[in-house]
Amino acid sequence: MAEQSSPDPLHGVARYLSILGHPFVVLPASIAAIAVLRGADPRLALPLALVFVAVVLALALGVRRGRFNDFDVSQRERRPGFYALVILATVVLGVRLRRDPQAFWACVTAGVTLVACGLLNRWIKVSLHTAFALYAAGLWCAWSPGAGLLALPFAAAVAWSRLRLRRHSRAEVLAGAAAGLAAGAALVLLAG
């Protein structure tokens, strides 16, 4: 009788970390949470939620129509349309949040990061999960250095998940880490 192999429990952990660390989860949630913790009007979360829902619906439609292969848009050749969609959403959000300087600069630095990753896409499929998990750590650090340090293990776990799920190579995860660290540092300098 052949022995059946048990499912890899780490694959499930990696999958959940990847979902929680998805740029469309971690970034809007971090911006909204920090804004509210800073004492900003809780209604600030509404435009974030609306942009999040709009992008998720556009992604779902793109997957259904075959324009994107999955919600991660894992195939590099399908990413240009994805980048255009997300950059447009970031610009709209930045214009909407311009009265809150930290939220505005968060949108600007996120948009610049997306443009840079989009330009690099010709040569390397930068891990946006890793980039924006580290960027979110930068957001938290701009609010409170202690909170930023607490966010770093989560960012490392998200990077690990992308490797474990074989969605990215080490070079792609490292490129994402570099992009996220640069964006986070820029945000700390601009909004600090």
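To be clear, the structure that these remarks concern was listed above.
Residues numbered from 1 in each chain as written. Predicted model: local features only at pLDDT ≥ 70, side-chain atom pairs only at ≥ 80, totals over all residues. Heavy atoms only, no water.

**Q** An account of the packing of helix α6 (residues 128–143) against helix α7 (residues 145–164) is needed here, citing residue identities and associated values.
**A** It is the contact of α6 with α7, at a shortest axis distance of 7 Å, that shows an interaxial angle of 175°. In terms of their interaxial angle, α6 and α7 are classed as roughly antiparallel. Touching His129, Thr130, Ala133, Leu134, Ala137, Trp140, Cys141 and Trp143 of α6 are Pro145, Ala147, Gly148, Ala151, Leu152, Ala155, Val158, Ala159 and Arg162, all from α7. Partitioning the contact of α6 with α7 into residue classes produces 13 nonpolar, three polar and one charged. (Axes fitted to C-alpha atoms, helices over the stretch in contact; angles between N-to-C directions. Helix = DSSP H or I, 4+ residues; strand = E, 2+ residues; numbered from the N terminus. Parallel < 35°, antiparallel > 145°, perpendicular 65-115°, else oblique. Contact = heavy atoms within 4.5 Å. Nonpolar A, V, L, I, M, F, W, Y, C, P; charged D, E, K, R; others polar.)

**Q** Talk me through helix α5 (residues 101–120); I want residue IDs and the actual numbers.
**A** Between its terminal C-alpha atoms α5 stretches 28 Å, which fits the 28 Å expected from 20 residues at 1.5 Å a residue. Along α5, the residues that are buried comprise Ala103, Ala106, Cys107, Thr109, Ala110, Gly111, Thr113, Leu114 and Cys117. (Expected span 1.5 Å × (residues − 1). Buried < 20%, exposed > 50% of the residue type's maximum accessible area, 1.4 Å probe, protein only.)

**Q** Describe the packing of aromatic side chains, naming the residues involved and giving the relevant values.
**A** Within the structure shown, the criterion is met by two aromatic pairs. Between phenylalanine 132 and tyrosine 135, the aromatic rings sit 5.8 Å apart at their centres with planes inclined by 80°, giving edge-to-face as the arrangement. A residue pair is termed a helical-turn pair when its members lie 3 or 4 positions apart in one helix, as phenylalanine 132 and tyrosine 135 do in helix α6 at three residues. We note that phenylalanine 132, like tyrosine 135, is buried. Taken together, a centroid distance of 5.8 Å and an interplanar angle of 80° make the contact between tryptophan 140 and tryptophan 143 edge-to-face. Of the two residues, tryptophan 140 and tryptophan 143 are both situated in helix α6; the distance of three residues between them amounts to about one turn of the helix. By relative accessible area, which is 34% here, tryptophan 143 ends up partly exposed. (Phe/Tyr/Trp six-rings, centres within 6.5 Å; stacked < 30°, edge-to-face > 60°.)

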